[in-house]
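# Inside the fold
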Amino acid sequence: MFAMKKSLICLIVFSMIIICTAAVFAESFSKYTGSTYVHSSRFDKAFVKNAIDVSQYQNTIDWDKVKADGIEYAIIRVGGRGFAESGRLYFDDYYKSNIENARRVGIKIGIYYFSQAKTETEAIEEANHCIQLLGDYEIDLPIFMDYEHASDSNNPGRIKDLTPAQRTANAIAFCETIEQKGYEAGFYSNLLFLRNSIDGNKISNLYTVWAAQYYDRCQYENHYSIWQYSSDGRVDGIEGRVDCNFWYIIPMDTFNFTLSYNATEYDGKTKTPEVKVSDLVSGRDFEVTYENNINSGTGKVIIKGKGLYSGTIEK
């Protein structure tokens, strides 16, 4: 069921991109913060979309006004694990109304879950709790593991003394569980955590990364698809401040695709020519499926973008 939903959003996003006129952004002025931000040259082909992430701390949101103010994407917290050693799991009081109303007005949604997993077992428990809370709600974007240290010096959190290797293993366990349930997985944290507290390069090569850096540019060296550039944005329909993000989307048809072979002798066996896309990683950036690839005749390979990349290509 989810595979069909994900295919649908790929096609919708691709159609949206076709009708846009501006494709290259060296920098963007954000009316939500009143500041200008510089985008990495890696996103020269990307469309830059406005996104917010919200939780119960924004209280009741007027999503009609949010949509009218230019927000196209929202990442909604459904729950998490507490900082205390007991590690109690909780749900966000507003997640249901936020999901329902964001979808009602046509904003595409993703999900995040705040983690304090000390072990892979706890990370799997968190992922399952997130999916249980999500229930039958349809989502368009990844489910992100929000993994970071506590900012309160009096309460250092549960993961402070873990090794980077253990935190990385926990992140992979969470994301693998999410993917096993048929959803796309992602990982969120701040620049320092991505650089020093986890194997950011490994995570970036496996999942959609959402990087936070409150500066005029994002300096994360590895692959990322979303940049949280401010925690002090002002969006119509939300009382008080809100986190603001740039979501980068690159259409798949801007890349060159090659197959390991285009024709082969019929022998009654399934044919799966390897797909290579310049500068992209299979599994992280795109998924490949095959049709009519057993009987003699013309088969088809279907390439669907993931994370930063959108659209569907058939060869």
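Quick caveat, the model's predicted, so the values are computed rather than measured.

### Re the pairing of strand β2 (residues 35–38)
- Note that strand β1 (residues 27–30) and β2 share four bridges and pair antiparallel. The residue of β2 that forms the bridge with Ser 28 is Tyr 37.
- In this structure, the hairpin formed by β1 and β2 is closed by a connection of four residues, where Gly 34 is found at a positive phi of approximately 75°.

### Description of helix α3 (residues 95–104)
- Within the span of α3, buried status applies to Tyr 95, Asn 98, Ile 99 and Ala 102. All buried residues of α3 fall inside an arc of 95° around its axis, so they share one side.
- Those residues of α3 that are buried lie in contact with β3 (47–54), α2 (63–68), β4 (73–81), β5 (89–91), β6 (108–115) and α4 (120–134).
- Positive phi appears at Gly 106, one or two residues downstream of α3, with a value of about 90°.

### Re the state of the cysteines
- In this structure the tally under the stated criterion is zero disulfides.
- Unpaired in this structure, Cys 175 has its nearest cysteine sulfur neighbour in Cys 130, at a distance of 11 Å.
- Left unpaired, Cys 244 is separated from the closest cysteine sulfur, that of Cys 218, by 15 Å.

### A word on the environment of Ser 231
- Locating Ser 231 in the fold gives a position in strand β10 (residues 226–233).
- On a C-alpha basis, the gap between Ser 231 and Gln 213 in space is 9.6 Å, while along the polypeptide they are 18 residues apart.
- When residues no more than four places from it in sequence are discounted, the contact partners of Ser 231 are Tyr 214, Arg 241, Val 242 and Asp 243.

### Some details on the packing of aromatic side chains
- For the coordinates displayed, the defined rule picks out 19 aromatic pairs.
- Look at Tyr 37 and Tyr 229: their rings are 4.4 Å apart centre to centre, the planes differ by 50°, and that puts the pair in the tilted class. Of the two residues, Tyr 37 is situated in strand β2 and Tyr 229 in strand β10; the sequence distance between them amounts to 192 residues.
- Looking at Tyr 37, the relative accessible area reads 6%, which means it is buried.
- Here the aromatic residues Tyr 73, Tyr 112, Phe 144, Tyr 188, Trp 210 and Trp 247 are joined through ring pairs into a cluster of three or more.

### With respect to the sheet that holds strand β17 (residues 312–314)
- Ordered by their spatial adjacency, three strands build an open sheet running β14-β15-β17, and the pairing between neighbours is antiparallel. A strand with exactly one partner marks an edge of an open sheet, and here the two such strands are β14 (286–291) and β17. For this sheet, the mean angle separating the axes of adjacent strands, direction not counted, is 20°.
- Two strands pair when backbone bridges link them, and β14 and strand β15 (residues 300–305) are joined in this way by six bridges, in the antiparallel orientation. Bridged to Phe 286 within β15 is Gly 305.

### Here's the deal with the nonpolar core
- Counting 77 residues, the largest nonpolar core has Ile 52 and Trp 63 as its most contacted members.
- Tyr 73, Leu 141, Tyr 188 and Ala 212 belong to the second-largest nonpolar core, a separate cluster that totals 12 residues.

### Observations regarding α4
- For α4, which comprises 15 residues, the first-to-last C-alpha distance of 21 Å matches the rise-based estimate of 21 Å (1.5 Å per residue) to within 8%.
- Here the buried face of α4 lies against β4, β5, α3, β6, β7 (143–147) and α5 (164–180).

### Thoughts on the environment of Asp 279
- Relative to the elements of secondary structure, Asp 279 occurs in the loop between β13 (275–277) and β14.
- For the pair Asp 279 and Asp 140, spaced 139 residues apart in sequence, the C-alpha separation works out to 25 Å.

The rules behind each value
- Residues numbered from 1 in each chain as written.
- Predicted model: local features only at pLDDT ≥ 70, side-chain atom pairs only at ≥ 80, totals over all residues.
- Heavy atoms only, no water.
- Pairing = 2+ DSSP bridges.
- Helix = DSSP H or I, 4+ residues; strand = E, 2+ residues; numbered from the N terminus.
- Buried < 20%, exposed > 50% of the residue type's maximum accessible area, 1.4 Å probe, protein only.
- Arc of directions from axis to C-beta.
- Contact = heavy atoms within 4.5 Å.
- Disulfide = S-S within 2.5 Å.
- Phe/Tyr/Trp six-rings, centres within 6.5 Å; stacked < 30°, edge-to-face > 60°.
- Axes fitted to C-alpha atoms, helices over the stretch in contact; angles between N-to-C directions.
- Core = buried A, V, L, I, M, F, W, Y, C linked by side-chain atoms within 4.5 Å.
- Expected span 1.5 Å × (residues − 1).

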